[in-house]
Amino acid sequence: MELRSGSVGSQAVARRMDGDSRDGGGGGKDATGSEDYENLPTSASVSTHMTAGAMAGILEHSVMYPVDSVKTRMQSLSPDPKAQYTSIYGALKRIMRTEGFWRPLRGLNVMVLGAGPAHAMYFACYENMKRTFNDVFHHQGNSHLANGIAGSMATLLHDAVMNPAEVVKQRLQMYNSQHQSALSCIRTVWRTEGLGAFYRSYTTQLTMNIPFQSIHFITYEFLQEQVNPHRTYNPQSHIISGGLAGALAAAATTPLDVCKTLLNTQENMALSLANISGRLSGMANAFRTVYQLNGLAGYFKGIQGAAPYGSSAPRCLRGRRGWASLSGEGSCRDIRGGGGRERLLLFLFLPGHNVAFLLHCGSLLSGWSDLTGGKKICSD
């Protein structure tokens, strides 16, 4: 994507999207030579990238998991009368009252097991491929083409690991699921449907990621230009920009998300109503089935849950500074005026990807280590 140059904001955009400094390194310094708080320092190792990505991925999925459970049920094409919901709050309240307090968290364990290695491999692949392709193209600074190719390859790897976890997770989330545990679900699916069942929605997932990330990043950067043009340290601007950008991206890609859910769950009642014998496969077939059963409105089922889930952005792709600091590879900043308390409160109460973002940027480290404010938490 072509980026405008010449302004402080635009230069910051380029650094953030590339994750690099202008000399082609691993990111970390701004025009003044100081560490850019949104990126890891140039000395960060691959293991640091992997650890940061894994922990952020686990956090973002875990915090928003109950909302994700509701979204999956809302996307059912032929829901049971007892599982028809009009709002996230009402759905969670009814689920906990009728099915048990912990029911919205069923499947969380398999999501954690998938998200950790998937995000770790994403960042490891991205950082290595980015440097490799920059060398291949003999680019003196940042090559947006190299970064784009690296990101695409990392996404292929990430989704290959996450897709089986998504299948198991969504089958466990469905109302009256026949599976009581992740292990029993894996065994049943493997025995009755084979290995291919875990990857029926792989193409749909990849197709969904392209417009989602495009809309998300374009909207985010545009809003950042408006609310924080000089790209100063301002978590609130990330929360506002990321929340709106994520909600818009999630809403726009809901049709693909509905198709992905249908392919993952193989909803029996829906397939019967559509006169489909056996199993449904293929994104095109999923699109036709959704339209056949619910018309155009069917493509936007669950948008009430998709938008809030997406609005918990910025995604975990934004910086990984906090875990670098925890591993001793990050730099430090003075915290004054109770900033530690403020950031800790933000960490505790913000949903999903905002938690991951603040953790990455060192806010967790700052808040946790300096509850009284006003002192430096590590040496430069």
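Keep in mind that this is a model prediction, so the values were computed, not measured.

## Considerations on the overall build of the protein chain
- Scanning the protein chain from terminus to terminus reveals 17 helices and zero strands.
- Buried positions account for 54% of the 380 residues belonging to the protein chain.
- For the protein chain, contacts bridging at least 24 residues in sequence account for 72% of all contacts bridging at least 6.
- Per element, the accessible surface of the protein chain, about 16,700 Å² overall, is 61% carbon and sulfur.

## Describing the packing of helix α6 (residues 144-173) against helix α7 (residues 182-193)
- Remark: α6 packs on α7, axes separated minimally by 10 Å, with the N-to-C direction vectors making an angle of 110°. Taken together, the axes of α6 and α7 are roughly perpendicular relative to one another. Every pair of crossing elements has a handedness; the one defined by α6 and α7 is right-handed. When α6 is examined against α7, the residues Val 168, Arg 171 and Leu 172 are found in contact with a partner set consisting of Ala 182, Cys 185, Ile 186, Val 189 and Glu 193.

## Digging into the confidence of the model for the protein chain
- With 68% of its residues at a pLDDT of 70 or more, the protein chain has an overall mean of 76.
- Taken as a whole, residues 1-27 scores under 50 in pLDDT and shows 74 contacts with residues more than four places along the chain or in a different chain.

## Details of the layout of surface pockets
- Its volume calculated, the second largest pocket comes out at about 530 Å³.
- Around the second largest pocket sit 22 residues that line it, and Met 174, Tyr 175, Asn 176, Glu 267 and Asn 268 are the ones nearest its centre.
- Those elements that place two or more of their residues in the lining of the second largest pocket are α7 and α11 (268-273).
- Broken down by element, the residue count for the lining of the second largest pocket peaks at three residues, all from α7.
- When the residues that make up the lining of the second largest pocket are grouped by side-chain class, the tally is five nonpolar, 11 polar and six charged.

## Looking at the pattern of salt bridges
- Tallied over the full model, the rule gives 13 salt bridges.
- A salt bridge links Glu 193 to Arg 171, with the shortest nitrogen-to-oxygen separation between them at 2.7 Å. Here Glu 193 is found in helix α7, whereas its partner Arg 171 is found in helix α6, with 22 residues between them in sequence. Of the two residues, Glu 193 and Arg 171, both sit in the buried class.
- Arg 279 serves as the salt-bridge partner of Glu 193, at 3.7 Å between the closest nitrogen and oxygen. Note that Glu 193 is positioned in helix α7 and Arg 279 in the loop between α11 and α12 (283-294), a separation of 86 residues in sequence.

## Re unusual backbone geometry
- Its identity is not glycine, yet Gln 266 carries a phi of approximately 50°, on the positive side.
- Its place among the elements puts Gln 266 in the loop between α10 (254-265) and α11.
- Overall, the relative accessible area of 1% leaves Gln 266 in the buried class.
- Here Asn 275, not a glycine, exhibits a phi torsion of approximately 60°, which is positive.
- Tracing the backbone through its elements, the reader meets Asn 275 in the loop between α11 and α12.

## Observations concerning the packing of aromatic side chains
- All told, the structure shown has five aromatic pairs when counted by the stated rule.
- For the ring pair Phe 101 and Trp 102, a centre distance of 5.0 Å and an interplane angle of 90° mean the geometry is edge-to-face.
- Look at Tyr 199 and Tyr 202: their rings are 6.0 Å apart centre to centre, the planes differ by 85°, and that puts the pair in the edge-to-face class.
- Here a set of aromatic residues connected by ring pairs shows up, and it is made of Tyr 122, Phe 123 and Tyr 126.

## Observations concerning the nonpolar core
- By size, the foremost hydrophobic cluster in this structure holds 11 residues: Leu 77, Val 258, Cys 259, Leu 262, Leu 263, Ala 270, Leu 271, Leu 280, Ala 286, Val 290 and Tyr 299.
- At the level of secondary structure, the elements contributing two or more residues to this core comprise α10, α11 and α12.
- At four residues, the largest contribution of residues to this core is made by α10.
- With sequence-adjacent residues up to four places away left out, Ala 286 is seen in contact with Cys 259, Leu 262, Leu 263 and Leu 280.

## Here we look at the environment of His 216
- The residue His 216 is located in helix α8 (residues 202-227) in this model.
- For the pair His 216 and Ala 247, spaced 31 residues apart in sequence, the C-alpha to C-alpha distance is 8.5 Å.

## Concerning the packing of helix α2 (residues 46-63) against helix α5 (residues 108-136)
- Running from N to C, α2 and α5 cross one another at 145°; their axes reach a closest spacing of 7 Å. The element α2 and its partner α5 pack so that their crossing is right-handed. Within the contact between the two elements, α2 uses Val 46, His 49, Met 50, Gly 53, Ala 54, Gly 57, Ile 58, Glu 60, His 61 and Ser 62 and α5 uses Leu 108, Met 111, Val 112, Ala 115, Gly 116, His 119, Ala 120, Phe 123, Ala 124, Glu 127 and Asn 128.
- Looking at side-chain class alone, the contact of α2 with α5 contains 11 nonpolar, eight polar and two charged residues.

## Examining α2
- Between its terminal C-alpha atoms α2 stretches 26 Å, which fits the 26 Å expected from 18 residues at 1.5 Å a residue.
- Within the span of α2, buried status applies to Thr 48, His 49, Ala 52, Gly 53, Ala 54, Ala 56, Gly 57, Glu 60 and His 61.

## What about a nonpolar patch on the surface?
- There is a patch of nonpolar side chains on the surface, built from Met 96, Phe 101 and Trp 102 and spanning about 380 Å² of accessible area.
- You can see Trp 102 is positioned in the loop between α4 (88-99) and α5.

Cut-offs used in this document
Residues numbered from 1 in each chain as written. Predicted model: local features only at pLDDT ≥ 70, side-chain atom pairs only at ≥ 80, totals over all residues. Heavy atoms only, no water. Helix = DSSP H or I, 4+ residues; strand = E, 2+ residues; numbered from the N terminus. Buried < 20%, exposed > 50% of the residue type's maximum accessible area, 1.4 Å probe, protein only. Contact = heavy atoms within 4.5 Å. Areas by Shrake-Rupley, 256 points an atom, 1.4 Å probe, with all protein chains shown as cover. Axes fitted to C-alpha atoms, helices over the stretch in contact; angles between N-to-C directions. Parallel < 35°, antiparallel > 145°, perpendicular 65-115°, else oblique. Left-handed = near helix turned anticlockwise from the far one by under 90°. pLDDT = per-residue confidence, 0-100. 1 Å grid on protein atoms, 1.4 Å probe; cavity = no way out; pocket = protein on both sides within 12 Å on 5 of 7 lines; lining within 4 Å. Points joined across faces, edges and corners; volume = space filled by probe spheres on them. Nonpolar A, V, L, I, M, F, W, Y, C, P; charged D, E, K, R; others polar. Salt bridge = Lys/Arg side-chain N within 4 Å of Asp/Glu carboxyl O. Phe/Tyr/Trp six-rings, centres within 6.5 Å; stacked < 30°, edge-to-face > 60°. Core = buried A, V, L, I, M, F, W, Y, C linked by side-chain atoms within 4.5 Å. Expected span 1.5 Å × (residues − 1). Patch = residues over 30% accessible without salt bridge, like charges linked within 9 Å, V, L, I, M, F, W, Y side chains within 5 Å.

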